[in-house]
Amino acid sequence: MTDHDEVPDRAADDDIVRAGGLLRNAMPVASFSDGFADRTMARLAAARVAIPPAVLRVAAMQRSFRLLAAAAAIAIVALGVHNTVIARGDNTSIMEAAIGLQPVSAESVLSYTSEALQ
Amino acid sequence: MIESDDDAALVARARRGDDDACRRLVERHQAAVARTIFGMLGSGDDADDAGQDTFVRFFQSLDTFRGESSLRTYLVRIAMTTALNALRSTRRRELRFVSDDSALEQAVDPSALVVPTDDARATRIRHALGALTPDHRAVVVLRLLEERSTRETAEILQIPDGTVLSRLSRAVLQLRTSLGPVWEEFTE
């Protein structure tokens, strides 16, 4: 195209084909990193117990199940149900449901919570 | 129309709170969601975050999924909305913190004047895609990267077919201009 050519206002079909080829060459099919389904399920479980979004975002970005567990613990404390859960003695099953992972002891809940709050 | 009996059965189980069904739906459709999210946001933590958001939103609104489109198309629509929201909030943050000087430096990037190596070429192409407005980028990702039809693209973005065509045309013209020699030398 010379300086005197008019700039077209509509892309030609072969330009569209070319753009597609360029983009597909530059961006091969990508996939999420390993453990994506685990992270998503942990996040879904955490969402069910109303984890504060900001805490959850940090936990997910850190790819940290310990932090996710801590986030769940913080939410449980924040929701004011923690003492009730401990008193009923079924905190393990609640935490297990909350984070969708391994059972977590009361000691771990406290330790994860204090770790996350640092 | 639900894509397959398996999807329909898994969705029914997920509605009853079956986490194993939820996990299998994530595993089955994460590749389609990744294509959309990575096209819009690139790779990295933001993309992973948006991918998780997509599925969490889907599971939280399972009752509103009536199966009128395929599950994959429905998830891609949520992924696209999630990515567009992420881009808009990033843009708001940038407008608050990026100075006029750095915007000027980007506008006169001297590397735009030479033909780059393969890696640099790919980077340039990704940057050119990233420089499109979010609305134009969405059309390019669906039509050109994912090779969806104009109708499907319009359905996912919930815009008329004519708007898809006009955005695609403008986006391609912008790509051609910003890529310069990379555009001219490309042969498939």
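The coordinates are above.
Reading the values: the criteria
Residues numbered from 1 in each chain as written. Chains lettered and ligands numbered in written order. Predicted model: local features only at pLDDT ≥ 70, side-chain atom pairs only at ≥ 80, totals over all residues. Heavy atoms only, no water. 1 Å grid on protein atoms, 1.4 Å probe; cavity = no way out; pocket = protein on both sides within 12 Å on 5 of 7 lines; lining within 4 Å. Points joined across faces, edges and corners; volume = space filled by probe spheres on them. Helix = DSSP H or I, 4+ residues; strand = E, 2+ residues; numbered from the N terminus. Nonpolar A, V, L, I, M, F, W, Y, C, P; charged D, E, K, R; others polar. Domains from an automatic or database assignment. Buried < 20%, exposed > 50% of the residue type's maximum accessible area, 1.4 Å probe, protein only. Lys, Arg positive; Asp, Glu negative; His and termini not counted. Salt bridge = Lys/Arg side-chain N within 4 Å of Asp/Glu carboxyl O. Contact = heavy atoms within 4.5 Å. Core = buried A, V, L, I, M, F, W, Y, C linked by side-chain atoms within 4.5 Å. Buried area = accessible area lost by both parts, 1.4 Å probe. Polar contact = N/O pair within 3.5 Å; in protein donor to acceptor, adjacent residues only side chain to side chain.

Let's shift gears to the layout of surface pockets. Volume-wise, the second largest pocket comes out at about 480 Å³. For the second largest pocket, the lining is made up of 21 residues, of which Met-27 of chain A together with Phe-38, Gly-39, Gly-42 and Arg-126 of chain B are closest to its centre. When residues of the lining of the second largest pocket are traced back to their parent elements, those giving at least two are α1 (13–26) of chain A together with α2 (19–41), α6 (118–131) and α7 (134–145) of chain B. The element best represented in the lining of the second largest pocket is α2 of chain B, accounting for five residues. Classifying every residue of the lining of the second largest pocket by side-chain character gives twelve nonpolar, four polar and five charged. Here the lining of the second largest pocket gathers at least three residues from each of two domains, domain 1 (1–97) and domain 2 (99–188) of chain B.

Moving on to the environment of His-29 of chain B. In this fold, His-29 of chain B is placed in helix α2. According to the relative accessible area criterion, His-29 of chain B is buried, its value standing at 1%.

Turning next to the side chain of Arg-77 of chain B. Residue and element names in this part refer to chain B. Looking at where Arg-77 falls in the secondary structure, it is placed in helix α4 (residues 71–97). At 4.2 Å, Glu-155 is the nearest oppositely charged side chain to Arg-77, a buried residue that forms no salt bridge. Every residue in contact with Arg-77, bar those within four places of it in the chain, is listed here: Ser-69, Glu-155, Ile-156 and Gln-158.

Time to look at the nonpolar core. By size, the foremost hydrophobic cluster in this structure holds 69 residues, and its most contacted members are Ile-37, Phe-58, Phe-59 and Met-80 of chain B. Among the domains, domain 1 (1–97) and domain 2 (99–188) of chain B are the pair contributing at least three residues each to this core. Ile-37 of chain B has contacts with Phe-32 of chain A together with Gly-42, Ala-47, Ala-50, Gly-51, Thr-54, Ala-79 and Ala-83 of chain B, leaving out every residue within four places of it along the chain.

A separate point is the interface of chain A and chain B. Many descriptions give the size of an interface as the accessible area lost when the pieces come together. Between chain A and chain B, the residue contacts involve 36 residues of the former and 44 residues of the latter. Taken together, the two surfaces of chain A and chain B that pack against each other cover about 3,900 Å², and 65% of this comes from carbon and sulfur. The interface formed by chain A and chain B holds three salt bridges in total. Residues Glu-147 of chain B and Arg-24 of chain A are paired through a salt bridge, measuring 3.7 Å at the closest nitrogen-oxygen approach. The interface formed by chain A and chain B includes six residue pairs in polar contact (both at pLDDT 80 or more). Every element with two or more residues in the side of chain A that touches chain B is listed here: α1, α2 (36–48) and α3 (53–61) of chain A. No other element matches the eleven residues that α1 of chain A contributes to the side of chain A that touches chain B. Here the side of chain A that touches chain B is built from residues that sort into 19 nonpolar, six polar and eleven charged.

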